[in-house]
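Given next are the chains, with one letter for each unit.
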Amino acid sequence: MQAVDLFEQRVTAGRVAVALRVSAKSAYQWQQAWRRDGRDGLRSKGPSGGRCRLDPVRLARLRAELKRGPAAHGWVEDQRWTLPRIRVLIGRLFHVRYTERGVSYLLHRIGWTPQVPVHRAVERVEAAVAVWRAETWSRVR
């Protein structure tokens, strides 16, 4: 809208570009839209891209199913959600196809971030590790 204010003051598109630190091409396109449609021509038309294929109810269900964990859905090898697994889960639950990149965008949208789990042995005994750290590691250092 700063550009519109400047155009209304009869500032040239080239000077608008310099003043707003944008490309001259952008300023000329803005000026053309302003001349054609007025101030409304430069109002935001909302986010670009396609709409989410899962409505809020389905997103809530996906979030709940992800919290149940991979084992609840047949992946018992480990307890990690991967993009391919989530992609399959979405297909099974909602009969909707997503790419792995699309799944990543969807996860960010519902507040999930990529996590790298700490790999620990199944046989690990925390008490024994604590004793080793306190006694052996202090001597090694």
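Here the residue numbering is sequential within each chain, running from 1 through the sequence in written order. Only residues with pLDDT of 70 or above have their local features reported here, since the model is predicted, and side-chain atom pairs are shown and tallied only from 80 upward, although totals for entire chains, interfaces and linings are computed over all residues. With hydrogens and water set aside, each side-chain value is computed from the structure's full complement of heavy atoms.

Enquirer: Let's hear about the overall build of the chain: which residues, and what values?
Expert: For the purposes of this entry, the term helix denotes a DSSP run of H or I that reaches at least four residues, the term strand denotes a run of E that reaches at least two, and both are numbered from the N terminus. Helix and strand counts for the chain stand at seven helices and zero strands. Reading the helices (α) and strands (β) of the chain from amino to carboxyl end gives α-α-α-α-α-α-α. The principal-axis extents of the C-alpha atoms in the chain amount to approximately 75 × 50 × 20 Å. Only heavy atoms enter the contact rule, under which two residues are in contact if any of them lie within 4.5 Å. Counting only contacts in the chain whose residues sit at least 6 apart along the sequence, the fraction spanning at least 24 positions is 41%. Carbon and sulfur atoms provide 53% of the accessible area of the chain, an area that totals close to 10900 Å². Positive and negative side-chain charges in the chain, numbering 28 and 12 respectively, have mean positions lying 5 Å apart. Exposure was quantified through the Shrake-Rupley algorithm and a 1.4 Å probe, taking into account, for residues, occlusion by the shown protein chains and nothing else. Asp and Glu are treated as the negative residues and Lys and Arg as the positive ones, with His and the ends of the chain left uncounted. Lysine's charge is taken at NZ, arginine's at CZ, aspartate's at CG and glutamate's at CD.

Enquirer: Requested: an account of the pattern of salt bridges, with residues and values cited.
Expert: Here a salt bridge means any side-chain nitrogen of Lys or Arg lying within 4 Å of a carboxyl oxygen belonging to Asp or Glu. Under the definition given, this model contains 10 salt bridges. The salt bridge partner of Arg-68 is Glu-65, with a shortest N-O separation of 2.8 Å. Of the two residues, Arg-68 and Glu-65 both sit in helix α4 (residues 56-68), three residues apart, roughly one turn of that helix. Exposure categories follow from relative accessible area, calculated using a 1.4 Å probe and restricted to protein chains: below 20% of the type maximum is buried, above 50% is exposed, and the middle band is partly exposed. Judged by relative accessible area, Glu-65 falls into the buried class, the value being 11%. Each of Glu-77, Asp-78, Arg-80 and Arg-85 takes part in salt bridges that share partners, so that together they form one network.

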